[in-house]
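Understanding the architecture of this molecule
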Amino acid sequence: AVVSTQSTGIREHKIRCPDYQGCDPDAAFKDFSERIRNYKKAYETLSLDLDRELSFIRVSNVTQFHINKITCNVQTKSAYFLMNLQTNTQTTLYFSRHGESIFNREGRIGGDTNLTENGKNYAQKLGNFLKEKQLTDIPVWTSLMKRTIETCSYLPNQNIRRYKSLNEIDAGRCDGLTYEEIGEQYPDEFALRDLDKYNYRYPRGESYHDLCCRLEPIIMDLEKLAENVLVICHQAVLRCIVGYFLNCSPDDIPYIEIPLHTIIKITPVAYGCEKENVEFGVTSTVTHREKQTTESIERRLLTAGLVLDNRPASPGELTSSDSEI
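Just so you know, these numbers come straight off a predicted model, no measurement behind them. (Residues numbered from 1 in each chain as written. Predicted model: local features only at pLDDT ≥ 70, side-chain atom pairs only at ≥ 80, totals over all residues. Heavy atoms only, no water.)

Residues Val59, Ile67, Phe81, Leu82, Met83, Leu85 and Tyr244 make up a contiguous nonpolar surface patch of roughly 540 Å² in combined accessible area. The greatest single-element share of the nonpolar patch, amounting to 3 residues, is contributed by helix 3 (residues 73–84). Note that Tyr244 resides in helix 10 (residues 235–245). The partly exposed category is assigned to Tyr244, whose relative accessible area is 31%. (Patch = residues over 30% accessible without salt bridge, like charges linked within 9 Å, V, L, I, M, F, W, Y side chains within 5 Å. Areas by Shrake-Rupley, 256 points an atom, 1.4 Å probe, with all protein chains shown as cover. Salt bridge = Lys/Arg side-chain N within 4 Å of Asp/Glu carboxyl O. Helix = DSSP H or I, 4+ residues; strand = E, 2+ residues; numbered from the N terminus. Buried < 20%, exposed > 50% of the residue type's maximum accessible area, 1.4 Å probe, protein only.)

Encoded structure:
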C-alpha cells in the first residue's frame, strides 16, 4: 500500500515539478524513483529518543507530524503551516468581488454603500452560475460590509459565513474620497503610496502588509479546506489572497487586477495553482489603477515638498521641508 501510494504521488505530483518540464512522463517517473532510492542510501531518520535535544519537525507519510522542542515564532509558524496543508484533496477556490457598489460607480474608495443596478444584476447571474454548476451546497465566505452581504442575498447557498477579517483595507482619513480628492487634499500621502504601495499605510488606516497579516488565518483556513468554497469580498483583500496562491511578490500584490463582476477560479496543482477568470458580461466600473512611473512619482513628491536623494531610497529615507513623514 505504501509503494502504491508513493507511485501515485510521483505520477500525480513530482513529475510535474520544474525539473521534468517537457519530459516523457514515464521517463520522469523512472528518474524520480531512482532519486528516491539514492536518497534512501544517505538519509538518516531523526530519532525521537536519540535526537530529543534537537529542534525539529518530522513529517511521515505527509499526515503524521512529530514536533520536538519548538522554541521560537518562526518554528511555531512553520509547524502551523505544514499541519494545515491539504496535499491529497483536490479543491477549487472561487473568488469574487461584490457587485458594483455606489462608491465604485462614483470612483470613491472604501465606504459601506449598497449595490448599483449593475451590481444587483451581477449578483443574480452569480447565483444562476452556482445553480448551473451545482455549487449551491458549497460554503460562502464573505465580509461584514453591506455590498458583500447584499451580493450574497441573491445566492441560493444557505451556508454563508461572515468574517470581519475579510473587510476591505482600511483607508483611514482617505475613506470615501476619490483618488483625485486624495491627490488634492493629501498630495504627500498620495505620492508616498505610489512610491511603495505594499508598505504604505493610510493615515489612521492600513497598509497592504497589515492586510496580509490580518488575512493570515483566513489563508490558512483556505489551505486546509477539504471542500470547494466561494469567497466574496473586496479588491485589496482578493489581491492579497490571490497573490498568495499565485506566489506573487509583495511589490506585485497591490497591482494584481481583480475586476468587478468576474469569478476567479484557483485550482491547486503540484508546484503551484492554476487560475481561470469567468466573466458574465455585466457592465461595471473599472477600479484598477496601474502602477505609476518613477518620473510621475518623483514629480508629485517634489510638488508635495518631499525630496529624494539622487540614490535609490526607501520611504523611510524621504525628507520633507515641513515635517518628517
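Right, let's get into the layout of surface pockets. Its volume calculated, the second largest pocket comes out at about 450 Å³. Lining the second largest pocket are 27 residues, with Arg108, Ile109, Tyr179, Gln235 and Thr287 positioned closest to its centre. Within the residue set of the lining of the second largest pocket, elements represented by two or more residues are helix 4 (102–106), helix 7 (179–185) and helix 10. At 3 residues, helix 10 tops the list of elements feeding residues into the lining of the second largest pocket. (1 Å grid on protein atoms, 1.4 Å probe; cavity = no way out; pocket = protein on both sides within 12 Å on 5 of 7 lines; lining within 4 Å. Points joined across faces, edges and corners; volume = space filled by probe spheres on them.)

On to the confidence of the model for the chain, then. Predicted confidence across the chain gives a mean pLDDT of 88, with 89% of residues reaching 70 or more. Confidence drops under pLDDT 50 across residues 310–325; counting only partners more than four residues distant or on other chains, this segment forms 19 contacts. (pLDDT = per-residue confidence, 0-100. Contact = heavy atoms within 4.5 Å.)

Core analysis: the largest hydrophobic core is formed by 30 residues, its most contacted members being Phe95, Leu166, Leu222 and Ile241. Secondary structure elements with two or more residues in this core: strand 3 (93–97), helix 9 (208–223), strand 6 (229–233), helix 10 and strand 7 (262–269). In terms of residues, this core owes the most to one element, helix 9, which gives 8 residues. If you look at the next biggest cluster of nonpolar residues, it comprises 15 residues, including Leu126, Leu130, Leu230 and Ile263. (Core = buried A, V, L, I, M, F, W, Y, C linked by side-chain atoms within 4.5 Å.)

For the rest of this paragraph, the subject is the sheet that holds strand 4 (residues 140–142). Read from one edge to the other, the open sheet built from 6 strands follows the order 5-4-6-3-7-8, with strand pairing classed as mixed. The open sheet has two edge strands with one neighbour each: strand 5 (160–162) and strand 8 (272–279). Pairwise comparison of adjacent strand axes, ignoring direction, gives a mean angle of 20° for this sheet. In terms of strand pairing, strand 7 meets strand 8 through 8 bridges, oriented antiparallel. Counted as the bridge partner of Thr262 is Glu279 from strand 8. Sitting on the sheet, helix 9 is in contact with strand 3, strand 4 and strand 6, with an inclination near 170° to strand 4. (Pairing = 2+ DSSP bridges. Axes fitted to C-alpha atoms, helices over the stretch in contact; angles between N-to-C directions.)

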